[in-house]
Amino acid sequence: LHLVKAGITNAVLFGPDGQALQPAEAFYKKSILVFRGSYRPPTLVNLDMVRCGSNQFMREPDVSPDRTITLAEITMANLMTGGDIDTKDFLDRVDVISELGLHVLISNYGRFFRLRSYLSRSTSRKIGIVLGVDNILDIFNEEYYTELEGGILEAFGKLFPGHSKMYVYPKRGNNGSGLITAQNLEVPGKLKHLYAHLRENGFIESIADADESCMCHFSRSILEELKLGDGPWQEGVPETVYTAIKDRRLFGFDSK
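The shown structure was predicted, so the numbers you read here are calculated from the model rather than taken from an experiment.

Participant: Requested: an account of the pairing of strand 4 (residues 68–75), with residues and values cited.
Facilitator: Burial of strand 4 is extensive: eight of the eight residues sit out of reach of the surface. Of the two faces of strand 4, both are covered, the one formed by T68, T70, A72 and I74 as well as the one formed by I69, L71, E73 and T75. Sheet topology places strand 3 (residues 31–36) next to strand 4; six bridges connect them, and they run parallel. Bridging from a neighbouring strand, R36 pairs with E73 of strand 4. The pairing of strand 4 with strand 5 (residues 103–107) spans five bridges and is classified as parallel. Residue T75 lies in a different strand from strand 5, and its bridge partner there is S107.

See below:
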């Protein structure tokens, strides 16, 4: 993690046992499925994203389950210019994600097209990225690509080569307006045709069979509640995550 903070390397990889791995060796000739999140802490929504996203990814004709690696990815990019980075906090997240049997990638890639480019250096197989509705809206925000000569079109050309795909996990709309999905998502008007092109050609796909019952749990509120000890927040996280938080006093958990 200190190497990432210092800009010496762009990413570090941990296995499900918490041990550091060589990314190039772990990714070599494998399909890669990535779930970006804060995981502070992992919630039932994160677990449902893994379940649904994995099911759809494994149905892809060019994906073999025994040649696939699943990653929970956390980016440091938003913190790199904002003071000191709490290394222990990131290691706590690695510990608790490991309880779910996932690999953990911590990177300094803020943009998804740079993350995809990094992963593709080690494999030519399918790369799937599972993300939420808010993330996909960020991707369609042209302000994020002002440093690129080709703007958003250059970024999308790097993000969506033939072997990459995005799976969008739905969220509840405001005031009980139903689910917002990849099908009914509203992007800025002048980008609607670009979005439709990506959808119609299979580069962006809506996640099916999402469990709406877990969508009422939010990591930010859980994080604040767990600092007070046991409480209703534990209903929003997997049991193994709750046990790890309580036993190891992670994320500021206080049992007083």
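Participant: I'd love a proper account of the pattern of salt bridges, names of residues and values included.
Facilitator: Throughout the structure, instances matching the rule amount to 16 salt bridges. Between E147 and R114 there is a salt bridge, and its shortest N-O distance comes to 3.6 Å. Placement of E147 in the loop between helix 6 (133–139) and helix 7 (151–159) and of R114 in helix 5 (residues 112–120) is noted, with a sequence separation of 33 residues between them. Across the salt bridge formed by K158 and E154, the nearest N and O atoms sit 3.1 Å from each other. Residue K158 and its partner E154 are both found in helix 7; the two are separated by four residues, about one turn of the helix. On the basis of relative accessibility, which here comes to 27%, the residue E154 falls in the partly exposed class. What you see here is one network of salt bridges that share partners, running through E60, K126, K165 and E205.

Participant: Before we move on, can you summarise the pairing of strand 1 (residues 11–14) with the specific residues and values?
Facilitator: A regular strand places its side chains on the two faces of the sheet in alternate fashion. The alternating pattern of strand 1 places A11 and L13 and V12 and F14 on opposite faces, both of which are buried. Judged from the four bridges that link them, strand 1 and strand 5 form a sheet pairing that is antiparallel. Bridge assignment links F14 to a residue of strand 5, and that residue is V104. Counted between consecutive antiparallel strands, the loop separating strand 1 from strand 2 (residues 20–21) contains five residues, among which G18 sits at a positive phi close to 85 degrees.

Participant: Break down the packing of aromatic side chains for me, citing the residues and quoting the values.
Facilitator: Applying the stated criterion across every chain, the model contains ten aromatic pairs. When the centroid spacing of 6.4 Å and the interplanar angle of 45 degrees are considered together, the rings of F113 and Y145 count as tilted. Of this pair, F113 sits in helix 5 while Y145 is found in the loop between helix 6 and helix 7, placing the two residues 32 residues apart along the sequence. For the pair shown, F113 and Y145 are each scored as buried. Here W233 and Y242 contribute two aromatic rings whose centre-to-centre distance is 5.5 Å and whose plane-to-plane angle is 55 degrees, an arrangement assigned as tilted.

Participant: If you had to explain the side chain of S54 to someone new, which residues and values would you point to?
Facilitator: Mapped onto the elements, S54 comes out in helix 3 (residues 44–58). Of the polar contacts made by the side chain of S54, one reaches the backbone oxygen of V50; its length is 2.7 Å. If we skip the residues at most four places from it in the chain, S54 touches L33, F35 and M49.

Participant: With reference to specific residues and values, describe the packing of helix 5 against helix 7.
Facilitator: Helix 7 packs onto helix 5 with a crossing angle of 30 degrees between their chain directions and a minimal axis gap of 8 Å. The angle between helix 5 and helix 7 falls in the class roughly parallel. The handedness of the crossing between helix 5 and helix 7 comes out as left-handed. Counted together, F112, F113 and R116 of helix 5 and A155, K158 and L159 of helix 7 form the full contact between these two elements.

Participant: So what's going on with the nonpolar core? Residues and values would help.
Facilitator: Formed by 43 residues in total, the largest nonpolar core has its most connected members in V96, I97, I106, Y169, L226, W233 and I245. A total of five residues in this core trace back to one element, the largest contributor, which is helix 3. One finds A26, V133, L159 and L198 within the second-largest nonpolar core, a separate group that totals 40 residues.

Participant: I'd love a proper account of the layout of surface pockets, names of residues and values included.
Facilitator: Space left empty within the atom packing is revealed by a probe, the size of a water molecule, rolled over the atoms. Size it by volume and the largest pocket reaches roughly 1500 Å³. What lines the largest pocket is a set of 42 residues, among which R36, G37, S38, D134 and N135 lie closest to the centre. Top contributing element to the lining of the largest pocket by residue count: helix 6, with five residues. The residue makeup of the lining of the largest pocket, split by class, is 22 nonpolar, eleven polar and nine charged.

Calculation criteria
- Residues numbered from 1 in each chain as written.
- Predicted model: local features only at pLDDT ≥ 70, side-chain atom pairs only at ≥ 80, totals over all residues.
- Heavy atoms only, no water.
- Buried < 20%, exposed > 50% of the residue type's maximum accessible area, 1.4 Å probe, protein only.
- Helix = DSSP H or I, 4+ residues; strand = E, 2+ residues; numbered from the N terminus.
- Pairing = 2+ DSSP bridges.
- Salt bridge = Lys/Arg side-chain N within 4 Å of Asp/Glu carboxyl O.
- Phe/Tyr/Trp six-rings, centres within 6.5 Å; stacked < 30°, edge-to-face > 60°.
- Polar contact = N/O pair within 3.5 Å; in protein donor to acceptor, adjacent residues only side chain to side chain.
- Contact = heavy atoms within 4.5 Å.
- Axes fitted to C-alpha atoms, helices over the stretch in contact; angles between N-to-C directions.
- Parallel < 35°, antiparallel > 145°, perpendicular 65-115°, else oblique.
- Left-handed = near helix turned anticlockwise from the far one by under 90°.
- Core = buried A, V, L, I, M, F, W, Y, C linked by side-chain atoms within 4.5 Å.
- 1 Å grid on protein atoms, 1.4 Å probe; cavity = no way out; pocket = protein on both sides within 12 Å on 5 of 7 lines; lining within 4 Å.
- Points joined across faces, edges and corners; volume = space filled by probe spheres on them.
- Nonpolar A, V, L, I, M, F, W, Y, C, P; charged D, E, K, R; others polar.

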